[in-house]
Protein chains: 2
Amino acid sequence: MHCVRGKIAILAYQLKITKKKPKMTENNRYCVILCGGCGSRLWPKSRIQMPKQFIDFLGTGQSLLQLTVARLKGIIPQENIFMLTQTEYAEIVKQQVPEISESQILLEPARRRTAPGNAWAAYHIKAINPDAKIMVAPCDNIILRVDEFRQSVVKAFEFIEQNDDTLLTFGVKPTHPETRYGYIQQGKEIDGEFATVKTFTEKPDLELAKVFIDSGEFYWNTGIFFWSADTIIKALLENASVEVSPKFAEGEGIYGTERETEFIKEIYEVSPSASIDYAVLDKADNVTVLRVEGIGWTDLGTWGALYDVSPKTREGNVVQRAKAMMVNSRNNVVSVKSDKLVIVSGLDDYIIADSDNALLIVPRSEEQKIRNYVREVKAVHGDKYL
Amino acid sequence: MHCVRGKIAILAYQLKITKKKPKMTENNRYCVILCGGCGSRLWPKSRIQMPKQFIDFLGTGQSLLQLTVARLKGIIPQENIFMLTQTEYAEIVKQQVPEISESQILLEPARRRTAPGNAWAAYHIKAINPDAKIMVAPCDNIILRVDEFRQSVVKAFEFIEQNDDTLLTFGVKPTHPETRYGYIQQGKEIDGEFATVKTFTEKPDLELAKVFIDSGEFYWNTGIFFWSADTIIKALLENASVEVSPKFAEGEGIYGTERETEFIKEIYEVSPSASIDYAVLDKADNVTVLRVEGIGWTDLGTWGALYDVSPKTREGNVVQRAKAMMVNSRNNVVSVKSDKLVIVSGLDDYIIADSDNALLIVPRSEEQKIRNYVREVKAVHGDKYL
């Protein structure tokens, strides 16, 4: 169901496509790092002014964003790495990734989830290099086995370089029935680790997650994608003319010029919010999954995820930075500012997270509600505590 | 069981006593406010650098010390009000009670509980006025009905002015079987609200506290005492020559001079720690109790006490200053810095207290353990978090 304007845009766009043989070179490899999220489920450590991706959550000395950039070193040319973020984070990004030039930072003028951002990035990069192959990388991933991950990234690029019309997803073989992730169900085997995609699913409940695991057909949806600029643009026009403005296609001659900022602002102003998963991948029929195993992948979206990946005391407590005295208390995650002393007694399975002006004490089982609490806080107090 | 040195001191002291008729005037009325405590059971709001007595715990705009001083206005001459505190609190006391001159602040050079301090204060004040009648006032009391309290104070002074050889305690008729307080058991009726004292008891358990209440003979020990300088000095020499150095008696001609500081320092250096209750009142046979009722007295010694006296939400939560979102949470006391946002879910009957570098989350039923936790913290980290 495309609107007429959408159809016209597709036709207009298709007329412009001139089939070229891809250059098959690493210089065509690009990455768009999505670093504009607000990380509200990790409040109050993750703040609207300094969301999780800019925080050294694991105590490694590097923020999640810096870790993400570091993982790409040597497999994607530095000048081909783009940051897609919100205008308000421009300075933080420049400061945390000084090796990236200002022209590599795409500043979204409003929060519209991932679909409009991916559209813009594709058009923008295509204007630079029509043969561009783009990796889309969220920056709240934790990846413990970086070498294995990098091998998979190269494999993914090689696949779309040889199968230009494919939207490639990056699925991780589940190690347990996790309810925090969406899942990708594979369809037919293609070749080695590649398969067609049958369905995308939302976060399942525990029972369903167990069924997924037992079936052997389901993979965690990492939110990492690979596609050529041309292919995602075509897919957007074909599948997402409601969710993503077809006006992006009218920007030829504008991308890369000083008029781009104003042009994008106009589009974003009237754009609905939509995720790229919902707007495109759910509907497209040219989606493939690279089935990856053993890279130690986690999405650091919630306190529970942080709990899972962190070292624990004998009593199962995760204590970040703080000096903690945990009395008769088990399986808690405690995250307070460096060097703060915490004394907890008689508490099991809680999240205790403290920032300068906010303190959160909720059961780990309620981690998904934190986003709602933050919404309520915003309704009452505005941005003061976000 | 007095040591020989103690006996000699008594004899020497008794030789010096010249029985005078008391002047029966308000100018002989003195008060010693005990404001040197460290309030560790109210950690981490009460800190070693700024203990509870200097904090506006009730949000009245006045610290507990300032409230204590204000209650005495008009019934004790301002120049007769002395502060007994630790050297480190000199500046805070001066700042909080600027109407008191520096000579009215007695700075203890070490923590030795209440017995040595009361001894020093008595000798010091006696050197100024041999007829001095002294009220000893802790400053962690909360008194809701100040007029009634003031009437009782005047009554107490009048009693010891007419019964100079009495150590008068101030007992409050219990309203419930409180386990946080020591109790005074009355003996024989003397006159109106006065009675002899049969026993002092430590904090009872709940069962015993109920027995106390049912008997009708027991009163809460407020820690407020009235005695003439002479009488307490005599009682110290007779009863407490082990706990309180008899050397205090040798200071005639030194109290009030510039040699006093050095003299006191020498005594404190070798002095044991003892409470005046244990050192004197437990043993003396001239102890009387003024039985007081309906003054709304509480000792703000613990978080539970603060909970009891504070206004509560419909769910029974006491929230101090913070903006709190209490979800499925009842009967908690939340004390954090002004304007901090707190979100708590699924927690009942807890103390949640937060300061800049320390956070405490313990059940209200464990309030007496907080002091031990603080002790452990000190053992590991020194004074950093105290």
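In the block above lies the structure referred to throughout.
The rules behind the values
Residues numbered from 1 in each chain as written. Chains lettered and ligands numbered in written order. Predicted model: local features only at pLDDT ≥ 70, side-chain atom pairs only at ≥ 80, totals over all residues. Heavy atoms only, no water. Contact = heavy atoms within 4.5 Å. Buried area = accessible area lost by both parts, 1.4 Å probe. Salt bridge = Lys/Arg side-chain N within 4 Å of Asp/Glu carboxyl O. Polar contact = N/O pair within 3.5 Å; in protein donor to acceptor, adjacent residues only side chain to side chain. Helix = DSSP H or I, 4+ residues; strand = E, 2+ residues; numbered from the N terminus. Axes fitted to C-alpha atoms, helices over the stretch in contact; angles between N-to-C directions. Parallel < 35°, antiparallel > 145°, perpendicular 65-115°, else oblique. Left-handed = near helix turned anticlockwise from the far one by under 90°. Least-squares fit on C-alpha atoms with pLDDT ≥ 70 in both. Pairing = 2+ DSSP bridges. Core = buried A, V, L, I, M, F, W, Y, C linked by side-chain atoms within 4.5 Å. Buried < 20%, exposed > 50% of the residue type's maximum accessible area, 1.4 Å probe, protein only. Phe/Tyr/Trp six-rings, centres within 6.5 Å; stacked < 30°, edge-to-face > 60°. Lys NZ or Arg CZ within 6 Å of the ring centre and 35° of its normal.

A closer look at the interface of chain A and chain B
Think of interface size as the accessible area that goes away when the parts come together; that is how it is often given. In this complex, chain A contributes 34 residues to the contact, which on the side of chain B involves 34 residues. Of the roughly 2800 Å² buried between chain A and chain B on both sides combined, carbon and sulfur atoms contribute 60%. It is Leu341(A), Ile343(A) and Leu359(A) that lose the most area in chain A upon contact with chain B, and together they represent 23% of the buried surface on that side. On the surface where chain A and chain B come into contact, there are six salt bridges. Of the charged contacts, one joins Asp354(B) and Lys340(A) as a salt bridge, the two residues approaching to 2.6 Å between their closest N and O atoms. Remark: the boundary between chain A and chain B carries 26 residue pairs in polar contact (both at pLDDT 80 or more). Secondary structure elements with two or more residues in the side of chain A that touches chain B: strand 13 (323–327), strand 15 (341–345), strand 16 (350–354), strand 17 (358–363) and helix 11 (370–381) of chain A.

Points about the packing of helix 4 (residues 114–128) of chain A against helix 8 (residues 260–270) of chain A
Residue and element names in this part refer to chain A. Packing of helix 4 against helix 8 brings their axes to within 12 Å, and their N-to-C directions diverge by 150°. Taken as axis vectors, helix 4 and helix 8 run roughly antiparallel relative to one another. Remark: the crossing between helix 4 and helix 8 carries right-handed chirality. Along its contact with helix 4, which presents Pro116, Gly117, Trp120 and His124, the element helix 8 presents Glu260, Ile264 and Tyr268.

Section: the relation of the copies chain A and chain B
For the pair chain A and chain B, the superposition axis carries a translation of 0.0 Å, the fit reaches an RMSD of 0.1 Å, and the rotation angle comes to 179°. Here the transformation between the copies is reduced to the relation of a two-fold axis. Residue Asp356(A) of chain A places its C-alpha closer to the rotation axis than any other residue of that unit, at 4.0 Å. Here 100% of the interface residues in chain A have copies in chain B that are interface residues too; the copies meet face to matching face.

Side note on the sheet that holds strand 14 (residues 333–335) of chain B
In a beta sheet, neighbouring strands are held together by backbone hydrogen bonds and run either parallel or antiparallel to one another. Strands sit in the order 13(A)-15(A)-17(B)-16(B)-14(B)-12(B) across an open sheet of six strands; the sheet is mixed. The sheet terminates laterally at strand 13 of chain A together with strand 12 (318–320) of chain B, the two strands that pair on one side only. Going from strand to strand, the sheet's axes swing by 5° on average, the running direction of each strand aside. Alignment of strand 16 (residues 350–355) of chain B against strand 17 (residues 358–363) of chain B, held across six bridges, turns out to be antiparallel. Paired with Ile352(B) across the two strands is Ile361(B), which belongs to strand 17 of chain B.

Some remarks on the nonpolar core
Residue and element names in this part refer to chain A. In this structure, Ile33, Leu65, Met83, Met135, Phe226, Trp303 and Leu360 are the most contacted members of the largest nonpolar core, which totals 72 residues. No other element matches helix 5 (residues 146–162), which puts six residues into this core. Filtering out sequence-adjacent residues up to four positions away, Leu65 remains in contact with Ile33, Cys35, Gln53, Phe54, Met83, Val93, Gln96, Val97 and Cys139.

A closer look at the pattern of salt bridges
All names here are of chain B. Counted under the stated rule, the structure contains 48 salt bridges over all chains. Here Glu367 makes a salt bridge to Arg180, at a shortest N to O gap of 2.7 Å. In this pair, Glu367 is assigned in the loop between strand 17 and helix 11 (370–381) and Arg180 in the loop between strand 6 (167–172) and strand 7 (183–191), connecting sequence segments 187 residues apart. Residue classification places Arg180 among the buried residues on the basis of a relative accessible area of 13%. The salt bridge partner of Lys247 is Glu266, with a shortest N-O separation of 3.4 Å. A residue pair is termed long-range when its members are at least 10 positions apart, and Lys247 in the loop between helix 7 (229–239) and helix 8 (260–270) and Glu266 in helix 8 qualify at 19 residues. The exposure class of Glu266 is partly exposed, given its relative accessible area of 38%.

Focus on the sheet that holds strand 15 (residues 341–345) of chain B
Pairing is mixed in the open sheet, where six strands are placed in the order 12(A)-14(A)-16(A)-17(A)-15(B)-13(B). Taken across any chain shown, the strands that pair with only one partner, and hence form the sheet edges, are strand 12 (318–320) of chain A together with strand 13 (323–327) of chain B. Taken over all neighbouring pairs, the strand axes of this sheet differ in orientation by 5° on average, direction set aside. Note that strand 16 of chain A and strand 17 of chain A share five bridges and pair antiparallel.

Examining the packing of aromatic side chains
Counted according to the given criterion, the structure contains 34 aromatic pairs over all chains. A ring pair is formed by Phe212(A) and Phe218(A), whose centres lie 4.0 Å apart and whose planes are at 5°; its orientation type is stacked. Of the two residues, Phe212(A) and Phe218(A), both sit in the buried class. Both rings, one in Phe157(B) and one in Phe226(B), keep their centres 5.2 Å apart while their planes meet at 85°; by these two values the pair is edge-to-face. Of this pair, Phe157(B) sits in helix 5 (residues 146–162) while Phe226(B) sits in strand 9 (residues 218–228), placing them 69 residues apart in sequence. Considered together, Phe157(B) and Phe226(B) belong to a single accessibility category, that of buried residues. Following the ring pairs from residue to residue traces out a cluster consisting of Tyr123(A), Phe248(A), Tyr255(A) and Phe263(A). Taking the ring centre of Tyr307(A) as reference, the NZ or CZ of Lys312(A) above it sits at 4.8 Å.

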